[in-house]
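Overview (structure and organization)
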Amino acid sequence: MKLFDVYPLQPVNIVRGKGCRVWDDKGTEYLDLYGGHAVISIGHSHPHYVEALHEQAQKLCFYSNSVINILQQQLAERLGAVSGYDDYSLFLINSGAEANENALKLASFHTGRKRILSAVKAFHGRTSLAVEATNNPKIVAPVNDNGHVTFLPLNDIEAWREELSKDDVAACIIECIQGVGGIQLATVEFMQALAAECKQHGTVLVCDEIQCGYGRSGKFFAHQHLGIRPDIITVAKGIANGYPMGAVLIAPQFEAVYGRLGTTFGGNHLGCAAALAVLDVIEGEHLVENAAKVGEYIMSRLRELQLPHVTDIRGRGLMIGIELDMPYKDVRNSLLLNEHVFTGCAGTNVLRLLPPLCLSMDEADEFIQKLKNVLINA
Ligand SMILES: Cc1ncc(COP(=O)(O)O)c(C=O)c1O
C-alpha cells in the first residue's frame, strides 16, 4: 500500500528533536521556527515530558471514559488555574477540528439555533461543521456545504452586528489571531463590541485558540490581550506537545447532559499525563513570559533591520507573520535547504513563525541572521 498523497512534502526526514532543534536522518541539524505547525509548545522531547509519558505508559495508557479518570480532573483543575478559567468546565477530545465541532454543537444545543458566523480567511478544521466554518471552498466537500455559515470580514463590526440582529445565530467563531489566514489580528474594539453583541442577542461566542492559544501569544490565551471572556474556548496543538489532544473550555451556563457529547479516545490517561507535563513546564520555565519577550524582540529587530522584500511584520508573542513582496516559496525553501531553518507559511506571501515557546534570544538572533542571508540574495 502507498500513502494517500495529500501532503506536499519537504524533502527532509526528521528523526530526532531537542528543544528548538531537530535533526534529519543524515544528521543535519535544523532550527525549528515552525514547531511542527505550532504543536511543539515546550520544546522537542523535553526530559520532563518524556519521563511523564514513560511513567504513565508503564502504569496505564488507556481506559475508557466510563470510569473515573483522576488525571482528567487534575488537568481540568490545573488548566483552569493557569488560564484564569477555573469556573469553566473541560471536555477533552483528540484534535482541533473535534474541539470546534463540539463547541459549535454545544452552541447549537444551547441556543436551539443553526446559523454560525465565521470570519473571512478563517480556518477551523477539516471535519463536518468545522470545515463548513473554514473560509476555503477548495476543502469543503458538497456534503459539508450545508448553508449554516456566513463569512464576514474580521474587524468589521457593522457586518457582524447586522447578522446578529436577526436573532438566529447560534455561534460566532473567531481566531483572535488568524493562523492560516496569514497572522491577521482581531482588534480590541471589534472583539469587545462583538462580545457585547453576542450577549445581547443570545449568541455563543467561541474563541478558537487552537493555534494562537496555550501561551503562544504571550498571554495564556490570545483573547486575553483583548479584554473579553468568550463563552467557549477551543484548544489543541500545544496542549500536549505532540500527543494528539484537543479540549473545549465551557462556561458555567452550558448544561452538561449525559451522552450528548462523547469520545472513545479523548482524555485518555497517556494524553492527560502529556498535558499535565506540558503545564508543569509552561509554568516552571515561564514559557508564556518567554513567548512574549522573545516574540517582541524578533518583531522589533525585524522592524529595525528593514530587510529587503519585507513589507509587513505582525503578530503577538511567538506567532509572527513576515509579509514579503514576493511569494514565500523560494525564501522558505532556501531557509530550509541552505540555512537549515524550518518556517511556516500562509497565503502566497507570508512566512509564518510558530516556534516552540522556549525559543531563546540567541536562537532568535540566529534565525534573524539566517533570514537576512536569504533575503539579501532573494
Ligand atoms: C485555528 C485552527 N483551528 C483548528 C485547526 C484544526 O486542528 P486539527 O488539525 O488538530 O484538527 C487548526 C489547525 O491548523 C487551526 O490552526
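As the structure is a prediction and not an experimental result, all values here were calculated from the model. (Residues numbered from 1 in each chain as written. Predicted model: local features only at pLDDT ≥ 70, side-chain atom pairs only at ≥ 80, totals over all residues.)

1. Focus on the pairing of strand β11 (residues 232–235)
So the rule is basically this: Any residue whose C-beta has 12 or fewer other C-beta atoms within 10 Å is treated as exposed, any with 20 or more as buried, and any in between as partly exposed, C-beta atoms being built from the backbone. Secondary structure counts use DSSP, requiring at least four H or I residues in a row for a helix and at least two E residues in a row for a strand, with both numbered from the N terminus. Note on pairing: two strands pair once DSSP finds at least 2 bridges between them.
With burial as the criterion, each face of β11 is covered, one bearing I232 and T234 and the other bearing I233 and V235. Summarising the sheet, strand β10 (residues 204–208) and β11 pair through three bridges and their orientation is parallel. For D208, the partnering residue across the bridge sits in β11 and is T234. By the bridge criterion, four bridges tie β11 to strand β12 (residues 246–250) in an arrangement that is antiparallel. Looking at the pairing, I233 lines up with L249 of β12.

2. Some details on the site of the ligand
Heads up, the condition is: Residues are counted as near a molecule or strand when the C-beta atom, derived from backbone positions, lies within 6 Å of that molecule or strand. When residue character is reported, Ala, Val, Leu, Ile, Met, Phe, Trp, Tyr, Cys and Pro are called nonpolar, Asp, Glu, Lys and Arg charged, and the others, Gly included, polar.
With respect to spatial proximity, 14 residues lie near the ligand, and among them S95, G96, A97, G125 and Q211 are the closest. When residues in the shell around the ligand are grouped by element, the largest group, three residues, is from helix α4 (residues 96–111). Residue composition of the shell around the ligand, grouped by class: five nonpolar, seven polar and two charged.

3. So, helix α3 (residues 70–83)
Defined as follows: A helix is expected to reach a length of 1.5 Å times the quantity of its residues less one. C-beta atoms are first placed from the backbone for all residues, and any pair lying within 7 Å is then listed as a contact.
Helix length check: α3, at 14 residues, gives a terminal C-alpha distance of 20 Å against a target of 20 Å (1.5 Å per residue), a fit within 8%. Packing partners of the buried residues in α3 comprise β4 (89–93) and α8 (269–284). Once α3 ends, the next one or two residues include G84, with phi positive near 85 degrees.

4. Points about the pairing of strand β2 (residues 21–24)
For strand β1 (residues 14–18) and β2, the ladder comprises four bridges, and the chain directions are antiparallel. Directly across from G17, in β2, lies its bridge partner V22. The antiparallel hairpin formed by β1 and β2 contains two residues in its connecting segment, where G19 sits at a positive phi of about 60 degrees. Across three bridges, β2 lies against strand β3 (residues 29–32) in antiparallel orientation.

5. Examining the nonpolar core
Test applied: By definition, a nonpolar core groups buried Ala, Val, Leu, Ile, Met, Phe, Trp, Tyr and Cys residues that are joined through C-beta atoms within 7 Å. In this document the domain limits rely on a domain assignment from an automatic tool or a database.
Ranked by size, the top nonpolar core spans 117 residues in total, and within it A171, C172, V206, I232 and V278 carry the most contacts. Among the elements that take part in this core, α8 stands out by supplying 10 residues, more than any other. Looking at which domains feed residues into this core, each of domain 1 (14–46 + 286–376) and domain 2 (47–284) gives three or more. Sequence-distant contacts of V206, defined by excluding residues within four places in its chain, comprise A103, L104, A107, A171, C172, I173, P230, D231, I232 and T234.

6. Thoughts on the domain arrangement of the chain
Split into domains, the chain comes out as domain 1 (14–46 + 286–376) and domain 2 (47–284). Taken over C-alpha atoms, the centre of domain 1 sits 25 Å from the centre of domain 2. Counting residues per element, the ones that place at least two in the side of domain 1 that touches domain 2 are α1 (35–38), α9 (287–305), β13 (310–316), β14 (319–324) and β17 (350–353). If you tally residues by element for the side of domain 1 that touches domain 2, the top one is α9, at five residues.

7. Notes on unusual backbone geometry
Residue H37 is not a glycine yet carries a positive backbone phi of 70 degrees. With respect to the secondary-structure elements, H37 resides in helix α1. On the basis of neighbour counts, which here come to 13 C-beta atoms within 10 Å, the residue H37 falls in the partly exposed class. With a phi close to 50 degrees, H286 is a non-glycine residue in the positive phi region. For H286, the position within the fold is in the loop between α8 and α9. For H286, a count of 15 C-beta atoms within 10 Å puts it in the partly exposed group.

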